[in-house]
Each structure stands twice: as structure tokens, then as C-alpha cells.
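Structural overview
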Amino acid sequence: MIVILSAEGAAEHLASGAMACPACGGGLRKWGFGRTRTVRGLGADRVTVRPARVRCAGCSKTQVLLPTALQVRRADTTEVIGTALVHKANGLGYRRIAERLDRPVSTVRRWLRRVPPEHLHWMYTQGCERLATYAADAFSRIRNTRNPLHHTLTMLAAAAFHARERFGFEDPPWTLMGMYTRGRLLAPPRGG
Ligand SMILES: [Zn+2]
């Protein structure tokens, strides 16, 4: 699987040969589509996508291109899961978050369990690297609240903010933050 910001951008990268196979660095070509997925957005929104598939000319491996508005193997968008994490960072418990997002308590509880310290640290590092590239002077304006989840989300959001500001990206902030974290705001299950 390769994460992409948008289908349009990926098509351009493919056409120009700018996208390489993550396994061997070989050239990629269009190779039909992956399974159609319908995921839940905020509120009652539903998003249906048919992710493109590519095949490597070198090793023949096929990969699905996942737009980062979506999360790897999750039935809710990056925005929904991201919003749940923001609520948690702000001190809300899983029951109240489930109520606000209109999602089953068990689902929200499962999400909130998937941000262990190692994963948070990894996301934090992704945010820092991006922010250092886009606006290194912004670091001094970010206050460490001693809440690791809050601090991590702030770092990612700051990187997305400055990317939009500097390069005029129109992608929604959560889509950019999904890109920085490679479609994984939540840690993959063990072995996955
Ligand atoms: Zn390859």
C-alpha cells in the first residue's frame, strides 16, 4: 500500500514517473483498482472511494494507493478519527466522544487504545520533521502542554497549517496530517 494525498496528484506523479515502488524502487504503472470502500465521515457523511492500484515494472508487486483522507483498514475517515483524538487530548472520555461523534462506544474505545507511547512518539517525530522543513521558526511558538497526545496533534496541525500557508495546498488539514502519519493515526494491530 502507498499513501497518497489525492487521486489527481497520484495520477500526475505516475504519469511523470515520480512515483517509485516502495519495495524495489522500480517504475510503477496503473493496474486497475482496489476494492471499493465506503467509509463514514463526520456526522452522517459517507465517502465512497475506489482506490487505484499500481504494479511495479521491476518486481511485479501490486500496491493500492490509499488517499490519506482515509485511514488504513478503518471504516471512518482521517477527520473522524483525528477529531476523536483531539477530544481525548482535551480530556474527554470515550463515552462522551462516542456521543459527540455518533459512533458506538466500543469503536471509540478501540481507537483510543491504539495510541500507545511508541506510536505517539512516531507521529510526533513525523510532525517535527515536516514542521522543521516548512517553518522551523514556528517551533519556538509551540508550547509543550505536558500532554503527549495534545503536543503530538499540535505538532502535526502546525505542520499542516504551515504547508498550506507556504505552498498554498488546498488539501484539508486532516488529509495532510494523514499523509504525514501515512494513513495511521492509530497504531496497527500487532502483527499487522
Ligand atoms: Zn518493485
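See the structure printed just above.
Here's a quick rundown of the structure. (Residues numbered from 1 in each chain as written. Predicted model: local features only at pLDDT ≥ 70, side-chain atom pairs only at ≥ 80, totals over all residues. Heavy atoms only, no water.)

Orientation of helix H2 (residues 78-89) relative to helix H3 (residues 94-101), taken along the N-to-C sense of each, is 140°, at an axis distance of 10 Å. As summarised for this structure, H2 and H3 are arranged oblique, according to the angle between their axes. Relative to H3, H2 is oriented so that their crossing is right-handed. On the side of H2, the interface is formed by Val 80, Thr 83, Ala 84, His 87 and Lys 88, while H3 contributes Ile 97, Arg 100 and Leu 101. A breakdown of the residues in the contact of H2 with H3 according to their chemical character gives four nonpolar, two polar and two charged. (Axes fitted to C-alpha atoms, helices over the stretch in contact; angles between N-to-C directions. Helix = DSSP H or I, 4+ residues; strand = E, 2+ residues; numbered from the N terminus. Parallel < 35°, antiparallel > 145°, perpendicular 65-115°, else oblique. Left-handed = near helix turned anticlockwise from the far one by under 90°. Contact = heavy atoms within 4.5 Å. Nonpolar A, V, L, I, M, F, W, Y, C, P; charged D, E, K, R; others polar.)

Residue position: Arg 37 is located in strand S3 (residues 37-40). With sequence-adjacent residues up to four places away left out, Arg 37 is seen in contact with Val 47, Thr 48, Val 49, Leu 66, Leu 70, Gln 71, Arg 73 and Arg 74.

On to the coordination of the zinc ion, then. Binding of the zinc ion to the protein goes through Cys 21 (SG), Cys 24 (SG), Cys 56 (SG) and Cys 59 (SG), at separations of 2.3 to 2.4 Å. With four donor atoms in place around the zinc ion and angles of 97 to 119° between them, the coordination shape is tetrahedral. Read in sequence order, the donor residues for the zinc ion give the motif C-x2-C-x31-C-x2-C. Judged by its relative accessible area of 4%, Cys 21 is buried. Taking the relative accessible area as the measure of exposure, Cys 24 reaches 43% and is therefore partly exposed. (Donors = N, O, S within 2.8 Å, 3.2 Å for Na, K, Ca; no water. Tetrahedral: all angles 85-135°; square planar, octahedral: opposite > 155°, others 65-115°. Buried < 20%, exposed > 50% of the residue type's maximum accessible area, 1.4 Å probe, protein only.)

Take the packing of H2 against helix H6 (residues 148-167) next. Here H2 crosses H6 at 135°, and the two axes come no closer than 8 Å. For the element pair H2 / H6, the angle class is oblique. Both H2 and H6 take part in a crossing whose hand is left-handed. Along the contact surface, H2 presents Leu 85, Val 86, Lys 88 and Ala 89, while H6 presents Leu 149, His 150 and Leu 153.

On to the nonpolar core, then. Ranked by size, the top nonpolar core spans 35 residues in total, and within it Leu 85, Ile 97, Trp 111, Leu 131 and Tyr 180 carry the most contacts. Contributing elements (two or more residues each) for this core: H2, H3, helix H4 (105-112), helix H5 (117-135), H6 and helix H7 (173-180). With eight residues, H6 is the largest single contributor of residues to this core. Contact partners of Leu 85, with chain neighbours within four places excluded, come to Leu 112, Val 115, Leu 149, Leu 153, Leu 185 and Leu 186. Of all hydrophobic cores here, the second largest spans 10 residues; its members include Ile 2, Met 19, Cys 21 and Leu 65. (Core = buried A, V, L, I, M, F, W, Y, C linked by side-chain atoms within 4.5 Å.)

Here we take up unusual backbone geometry. One non-glycine residue with positive phi stands out, namely Arg 146, at about 65°. According to the relative accessible area criterion, Arg 146 is exposed, its value standing at 72%. One non-glycine residue, Arg 182, adopts positive backbone phi at about 50°.

Moving on: the sheet that holds strand S1 (residues 2-4). Strand order across the open sheet formed by four strands is S1-S6-S5-S2, with mixed pairing between neighbours. The open sheet has two edge strands with one neighbour each: S1 and strand S2 (28-33). For this sheet the average axis-to-axis angle between neighbouring strands, irrespective of direction, equals 35°. The pairing of S1 with strand S6 (residues 62-67) spans three bridges and is classified as parallel. In the sheet register, Ile 2 faces S6, and the bridge partner there is Leu 65. (Pairing = 2+ DSSP bridges.)

Structural measurements only, silent on function.
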